[in-house]
Amino acid sequence: MKVLQPDELLIAEGVLLKHLPKSFKVYGFLFGINRNKPSTLEVVVDTWPDFKVIICRPDPKNKRALEFMKKVTYYSMDEQILRKMLSEENAIDWSTYFLIAGFDISHVSMLKEVSSDREVNYKGFTLVHLLYLPDCSHLLTPAYDSELESRISSLDLSHVDLVNNTWKFGGNEKGYRNIKNLISNFPSCCITDGQGQPVSWILVYDYCAMGMLYTLPEHRGKGYAKVLVSTMSKRLHAQGYPVYCFIEEDNTVSYRFFKNLGFMEDPSYRAAWFEFNLSSTAMTSHGLLQNSDSSEDEAYRRGDKGFYMQAKYKLKRGIKATKEYGSETPFSQEKQNAHSVHKWTLHTSRPSQTAHVWFSVVSGIKLNMELTGEQLKVAEAQLKQYLPRSQQVYGCLVLRNRVRSDPVKVLVDRWPEFSVIICKPQYEQKGDLFKDTLVFAKYEGLLEETIRKSSVFDWTRYLCVGISRHHVEILQTVASEKDVPYNKLAVCHMMILEDTSNLPYTDSSGISLSSLDESHVGLVNQTWKFGENEGSVRMIRNMIMNFPSCCVLDAERQPVSWILTYASCAMGMLYTLPEHRGKGYAKVLVSTMAKRLYTQGYPVYCFIEEENTVSYKLFKNLGFTEDPSYRAAWFGFNDFRVEG
């Protein structure tokens, strides 16, 4: 096995060019490296110059490699040689979490066998089409006017947050660093609005594939994506870049979109992404086993626990270790309280190589502290700093601190500097299971630990969880590990009204407004999308009896249109009987309820399902805004109908 030097990388690029499209991803990495794009990779081959396998892996000598997700990419012309490199020659560090990205799906069985031999777990992450444009003559170029052309620009560093927050895999610090690197060093293209702010954009990854194509919801349907892909393709082609992209197999809309623009694919090829060592990530340690440049706080935020897997592998190879408790450690007392911190002494055959290693392992988040009284008010104030991500739990505490409601436990991992907080309805009878369990974690690593290990989640019963869309994959992974069936209930925009002065005037003259009462529970339940069961009846009764509501009454004083408030303080269940639609009742109700909530000091917001474009336009026209980086998702686990 040989690590390639700069002049050899140029030769390897030329070899890979002859093996397109299957070699596209490794070729793209080398294309960037050979043109002085910043990289944290080193490139190894089985032999030189007539190599059969080439692997791009994190460079252990590059300190910046720790700032990015640990990804490995390879191209192989001989599976047996590849197997040998992965299993015998340690071409990959199997001791911590890593992702093999964009490999030929035909190698799946071999990778599973090698990982099983090493006692490393794995998970199929995604399967994709590889679409490419060999020549711009194949490109279907959309027509657009000079006004739109004047708004085509490139992204700059002021746009990193916007892109990170809307990217499917972003929303965290590593996503921010990745996108900052891409915008700084690779081509990008965007369309701006009248104020010069991007409303649609596309980037180029460090392996030179186009990606992160996104248009803000309110600007969709204007053909911006076609303009961006066409413009970027021509720009890349003119600069000598490869022109290609990966499309997830279930993303049929994007697949048809690129195919219609003239992109091609090799029908014999599919690329896959696999994760390995899901239970561990790169760990902060000091000493022999790992030379880590990441800070203690960064490791603590991630909830890292990779040392164990690394030590286990080295122990299998004959290195002895002893663990000491209560030793002085380089971690602060706060971190020691939250982690299991130990000191290990590693012994090798050479006494001079004996070393002490301090490490911390997340022993499982224990949410065994329930907040009461003044603590709930302090927590409410703290959560306000994390809006909009904390909006649901924040809203729950706002109501909890002001009005009577069905009992809800508010649990934290520690106090007062909590990192995880959960609002969990008390299950006094079957109907209570229908209510949402709301979760907020300051850091994604801690969230996964909470869901995976905390006893707060009873995975044997029906569970409805409201959470950020960025964290859905964590829920799905844990549920799959526990053999728990699940289904997506909804994915929603979160619409917020910061100030009721933004509300347009609505004429409510001649409309009789009131609040709902207990006699209306059945009516609301039978018209609610998720209603008509025992759980929803109990939930709606709690909302009507304890939280603000508003309705329009007919001549017989019966509700014909209404809106309620959920336990998270979000407005919802807006509904008008069919025979009374078209009279402007919804606008009047939303406006009236928004003013009422705002006057009482409640947050004014709601969730709109992504496919509900009518309601989305209604709230936008009423002055509600959204953070384009955020979507809320609801998932149900197990089957509510089988609960006894």
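Note that the structure is a prediction, hence the values are computed from the model and not measured. (Residues numbered from 1 in each chain as written. Predicted model: local features only at pLDDT ≥ 70, side-chain atom pairs only at ≥ 80, totals over all residues. Heavy atoms only, no water.)

## A closer look at the overall build of the chain
- When you go through the chain residue by residue, the secondary structure sums to 20 helices and 29 strands.
- Out of the 644 residues in the chain, the part that is buried amounts to 53%.
- For the chain, the accessible area works out to roughly 28800 Å², and carbon and sulfur atoms hold 48% of it. (Helix = DSSP H or I, 4+ residues; strand = E, 2+ residues; numbered from the N terminus. Buried < 20%, exposed > 50% of the residue type's maximum accessible area, 1.4 Å probe, protein only. Areas by Shrake-Rupley, 256 points an atom, 1.4 Å probe, with all protein chains shown as cover.)

## A closer look at the nonpolar core
- Leu 30, Ile 54, Leu 203, Met 210, Phe 246, Phe 258 and Phe 263 are the most contacted members of the largest nonpolar core, which totals 73 residues.
- If one sorts the elements of this core by residue count, helix H2 (residues 24–33) sits on top with seven residues.
- If sequence neighbours within four positions are ignored, Leu 203 has contacts with Leu 155, Val 163, Ile 179, Leu 182, Ile 183, Pro 187, Ser 188, Ala 209, Met 210, Gly 211, Met 212 and Met 232.
- Within the second largest apolar cluster, 72 residues are counted, among which are Val 412, Ala 490, Val 588 and Trp 634. (Core = buried A, V, L, I, M, F, W, Y, C linked by side-chain atoms within 4.5 Å. Contact = heavy atoms within 4.5 Å.)

## Let's talk about the side chain of Glu 8
- Inspection of the secondary structure assignment puts Glu 8 in helix H1 (residues 6–17).
- Once residues within four sequence positions are removed from consideration, Glu 8 is found in contact with Lys 2, Val 3 and Trp 48.

## Some points on the packing of helix H13 (residues 373–384) against helix H14 (residues 391–400)
- Running from N to C, H13 and H14 cross one another at 145 degrees; their axes reach a closest spacing of 9 Å. Taken as a pair, H13 and H14 cross one another with a handedness that is left-handed. On the side of H13, the interface is formed by Leu 376, Ala 379, Glu 380, Leu 383 and Lys 384, while H14 contributes Val 393, Tyr 394, Leu 397, Val 398 and Arg 400.
- Counted by class, the contact of H13 with H14 contains seven nonpolar, no polar and three charged residues. (Axes fitted to C-alpha atoms, helices over the stretch in contact; angles between N-to-C directions. Left-handed = near helix turned anticlockwise from the far one by under 90°. Nonpolar A, V, L, I, M, F, W, Y, C, P; charged D, E, K, R; others polar.)

## What about the pattern of salt bridges?
- One pass over the structure, following the stated rule, counts 19 salt bridges.
- The partner of Glu 265 in a salt bridge is Arg 270, with the nearest N and O atoms 3.6 Å apart.
- Of the charged contacts, one joins Glu 626 and Arg 631 as a salt bridge, the two residues approaching to 3.6 Å between their closest N and O atoms. By the burial criterion, Glu 626 is buried, and Arg 631 matches it. (Salt bridge = Lys/Arg side-chain N within 4 Å of Asp/Glu carboxyl O.)

## Thoughts on the pairing of strand S9 (residues 198–204)
- Of all seven residues in S9, seven are buried; the element is thus mostly enclosed.
- Where strand S8 (residues 188–192) meets S9, five bridges bridge the pair, whose relative direction is antiparallel. Across the sheet, the residue bridging to Thr 192 is Pro 198, located in S9.
- Where S8 hands over to S9, the hairpin turn is made up of five residues, of which Gly 196 adopts a positive phi near 80 degrees.
- By the bridge criterion, four bridges tie S9 to strand S10 (residues 210–215) in an arrangement that is antiparallel. Each residue of the ladder has a partner; that of Trp 201, found in S10, is Tyr 214. (Pairing = 2+ DSSP bridges.)

## Remarks on the packing of aromatic side chains
- Within the structure shown, the criterion is met by 31 aromatic pairs.
- Ring centres of Tyr 486 and Phe 637 lie 6.0 Å apart, and the angle between their planes is 45 degrees; this geometry places the pair in the tilted category. Pair noted here: Tyr 486 is in strand S22 (residues 486–496) and Phe 637 is in strand S29 (residues 632–637), with a separation of 151 residues, a long-range link.
- Judged by its relative accessible area of 33%, Tyr 486 falls in the partly exposed class.
- The lysine or arginine in question, Arg 581, covers the ring of Tyr 575, its NZ or CZ lying 5.3 Å from the ring centre. (Phe/Tyr/Trp six-rings, centres within 6.5 Å; stacked < 30°, edge-to-face > 60°. Lys NZ or Arg CZ within 6 Å of the ring centre and 35° of its normal.)

## Some words on the packing of helix H3 (residues 79–87) against helix H4 (residues 108–117)
- One can describe the packing of H3 onto H4 by two numbers: an axis separation of 10 Å at closest approach and a directional angle of 25 degrees. It follows from the interaxial angle that H3 and H4 lie roughly parallel. Judged by the twist between their axes, the crossing of H3 over H4 is right-handed. Here Glu 79, Leu 82, Arg 83, Leu 86 and Ser 87 of H3 come into contact with H4, specifically with Met 110, Leu 111, Glu 113 and Val 114. (Parallel < 35°, antiparallel > 145°, perpendicular 65-115°, else oblique.)

## Considering the confidence of the model for the chain
- Per-residue confidence for the chain averages 81 on the pLDDT scale, and 81% of its residues sit at or above 70.
- Note on residues 280–365: pLDDT under 50 across the span, and 181 contacts to partners over four residues away in sequence or across chains. (pLDDT = per-residue confidence, 0-100.)

## Describing H4
- Those residues of H4 lying buried are Val 108, Met 110, Leu 111, Val 114 and Ser 115. In an axial view of H4, the angular spread of the buried residues amounts to 160 degrees, which keeps them on one side of the axis.
- Count one or two residues on from H4 and you reach Glu 119, which has phi positive near 60 degrees. (Arc of directions from axis to C-beta.)

## Examining the side chain of Asn 546
- When you line up the elements, Asn 546 lands in helix H18 (residues 534–546).
- Residue Asn 546 is classed as buried on the basis of its relative accessible area, which comes to 15%.
- Within the local environment of Asn 546, its side chain forms a polar contact with the side chain of Asn 542, the two groups lying 2.7 Å apart. (Polar contact = N/O pair within 3.5 Å; in protein donor to acceptor, adjacent residues only side chain to side chain.)

## A short note on the pairing of S8
- Of all five residues in S8, five are buried; the element is thus mostly enclosed.
- Here S8 shows a buried face lined by Ser 188, Cys 190 and Thr 192 and a second buried face lined by Cys 189 and Ile 191.
- Bridge analysis of strand S7 (residues 152–153) against S8 gives two bridges, and the strand direction is antiparallel. Looking across to S8, one finds that Ser 153 is bridged to Cys 190.

## Observations regarding the environment of Phe 103
- Turning to its location among the elements, Phe 103 is positioned in strand S5 (residues 98–104).
- Each C-alpha atom of the pair Phe 103 and Tyr 75 lies 7.2 Å from the other, and the pair is 28 residues apart in sequence.
- Ignoring sequence-local partners within four residues, the contact set of Phe 103 consists of Tyr 74, Val 108, Leu 111, Tyr 269, Arg 270, Ala 271, Ala 272, Trp 273 and Phe 274.

## A short note on the environment of Gly 373
- Relative to the helices and strands, Gly 373 resides in helix H13.
- Residue Gly 373 is classed as partly exposed on the basis of its relative accessible area, which comes to 48%.
- Separated by 28 residues in sequence, Gly 373 and Asn 401 have C-alpha atoms that sit 8.2 Å apart.

## Things to note about unusual backbone geometry
- For the peptide bond that leads from Trp 48 to Pro 49, omega is 5 degrees, which places it in the cis range.
- Mapped onto the secondary structure, Pro 49 falls in the loop between strand S2 (41–45) and strand S3 (53–58).
- Note the cis peptide between Leu 387 and Pro 388, where omega equals 5 degrees.
- Within the element layout of this structure, Pro 388 appears in the loop between H13 and H14.
- Even without being a glycine, Asn 90 presents a positive backbone phi close to 55 degrees.
- Position of Asn 90 among the secondary structure elements: in the loop between H3 and S5.
- For Asn 90, a relative accessible area of 33% translates into the label partly exposed.

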